[in-house]
Amino acid sequence: MPENASAKSYGDGWECNIGFRLNESACVAVIVPQNAYDTNRSYGPGWECLHGFRRTDEAACVTVEVPEGGFLDSSGERWRCLRGYIKVDDICQEIVLPANAYLADASYGSTWTCERGFEATGDLCAAIAVPANAYLNESRYGQPWTCERGFFERDGLCEVVAVPANAYFDDATYGTGWKCERGYEASSETCELIDVPENAHLDRSGNRWECDRNFQKSKGLCVLNN
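Throughout, residues of each chain are indexed from 1 in the direction in which the sequence is written. Note on the predicted model: pLDDT of at least 70 is required for a residue's local features to be given, and 80 or more for side-chain atom pairs to be given and counted; whole-chain, interface and lining totals, by contrast, use all residues. Computation of side-chain values: all heavy atoms of the structure, hydrogens and water removed.

- In the nomenclature of an unreviewed UniProt entry, the protein is known as MSP1 EGF domain 1 of Ascidiaceihabitans donghaensis.

Okay, here's the thing in structure tokens:
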């Protein structure tokens, strides 16, 4: 057993006394540098730097230099930038917000976000041009506006849906904006009456016909199955 060591309180062997640490096969005194405190542990260096200081080698603790716009994190060994600042090398650079923008909460990407009704264009927030008969939507991607009911988008404008005779308005986001009533089928911009042949009936959609049971379609007619 080396000097400054004692038998373990359990098991076999020995361990260094408090105030000493193991160095190869000897117990050497713990020398606590300036701006550090004794950990009372017989392993490791035996000391830790005080809050606001960091270890540079095995024998020194230096002050953590916090730049303007920064603060010490919970470890006391590093610094972070305050909200409204961004880390650039060894400084905290203030974030310059363009008009009609606010600070973003994301930890990556852009440091600011445009207010509602504006979109990022380079380093600026430009007003979104909403055409007549449209309104701003909540989408973060794609087109920022939507045509009002009764209008559909075409070439960046909202054009009125012209509903032909024997049709009704359809507010689906795709298609013509109208559907033919039951018994009619779309033909270009109109709804034409469906000529249902003998031994046939309108299908469930109401816009096509199909042959009755035991009949099959042949040249636009319904003929009896052989």
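### As for the overall build of the protein
Move 1: Within the protein one finds zero helices and 28 strands.
Move 2: Every radius of gyration here is taken over C-alpha atoms, with the globule rule written as 2.2 Å times N^0.38, N being the number of residues. Here the C-alpha radius of gyration of the protein, 40 Å, is well above what a compact globule of 226 residues would show, namely 17 Å.
Move 3: Projecting the C-alpha coordinates of the protein onto the three principal axes gives extents of approximately 115 × 60 × 20 Å.
Move 4: Considering only intrachain contacts with a sequence separation of at least 6, the fraction spanning at least 24 residues in the protein is 12%.
Move 5: Across the protein, the centroid of the 20 positively charged side chains sits 7 Å from that of the 35 negatively charged ones. Secondary structure elements follow DSSP: runs of H or I no shorter than four residues count as helices, runs of E no shorter than two count as strands, and numbering proceeds from the N terminus. Throughout, a contact is declared for two residues whenever any of their heavy atoms are within 4.5 Å. Under this rule, positive means Lys or Arg and negative means Asp or Glu; His and the chain ends count for nothing. Every charge is mapped onto a representative atom, which is NZ of Lys, CZ of Arg, CG of Asp or CD of Glu.

### Considerations on the packing of aromatic side chains
Move 1: Pairing of aromatic rings covers Phe, Tyr and Trp, the last counted by its six-membered ring, and requires centre-to-centre distances within 6.5 Å; plane angles under 30 degrees mean stacked, over 60 mean edge-to-face, and any other angle means tilted. A complete count under the given rule lists zero aromatic pairs for this structure.
Move 2: We call a charge positioned over a ring when the NZ of a Lys or the CZ of an Arg lies within 6 Å of the ring centre and within 35 degrees of the ring normal. For R55, the ring lying beneath its charged end belongs to W47, and the centroid distance is 4.7 Å.
Move 3: Between the NZ or CZ atom of K217 and the centre of the ring of W209, over which it lies, the distance is 4.3 Å.

### What about the pairing of strand β15 (residues 118–121)?
Move 1: Strands pair, by our definition, only if DSSP identifies at least two bridges between them. As defined by bridge partners, β15 adjoins strand β16 (residues 124–127) across four bridges and the pair is classed as antiparallel. Opposite F118, over in β16, you have A127 as the bridge partner.
Move 2: Counting the residues between successive antiparallel strands, the hairpin from β15 to β16 contains two residues, one of them, G122, with a positive phi of roughly 65°.

### Looking at the environment of A7
Move 1: Checked against the element boundaries, A7 lands in strand β1 (residues 5–7).
Move 2: A simple rule labels every residue: compare its accessible area, found with a 1.4 Å probe on the protein chains alone, to the largest value its type can have, and call it buried under 20%, exposed over 50%, or partly exposed in between. By relative accessible area, A7 is classed as exposed at 52%.
Move 3: Through-space distance from the C-alpha of A7 to that of N40 is 17 Å; in sequence the pair is 33 residues apart.
Move 4: Sequence-distant contacts of A7, defined by excluding residues within four places in its chain, comprise M1, G13 and W14.

### Observations regarding the nonpolar core
Move 1: What makes a nonpolar core is a set of buried Ala, Val, Leu, Ile, Met, Phe, Trp, Tyr and Cys residues whose side-chain atoms join them at distances within 4.5 Å. Listed in full, the six residues of the largest apolar core are V30, A36, W47, C49, F53 and C61.
Move 2: Not counting chain neighbours up to four residues away, the residues in contact with V30 comprise G19, F20, R21, P45, G46 and W47.

### Considering the domain arrangement of the protein
Move 1: Residue ranges for the domains originate in an automatic or database domain assignment. Domains assigned within the protein are domain 1 (5–94), domain 2 (98–125) and domain 3 (129–160).
Move 2: Using C-alpha coordinates to define each centre, domain 1 is positioned 41 Å away from domain 2.

### Here we look at unusual backbone geometry
Peptide bonds are, in most cases, trans, and in most cases residues other than glycine have a negative phi.
Move 1: Positive phi is not limited to glycine here, since N166 has a value of about 65°.
Move 2: The phi torsion at K219 lies on the positive side, around 55°, for a residue other than glycine.
Move 3: With respect to the helices, strands and loops of the structure, K219 is situated in the loop between β27 (215–218) and β28 (221–224).
Move 4: Of the residues examined, K219 reaches a relative accessible area of 83% and is grouped as exposed.

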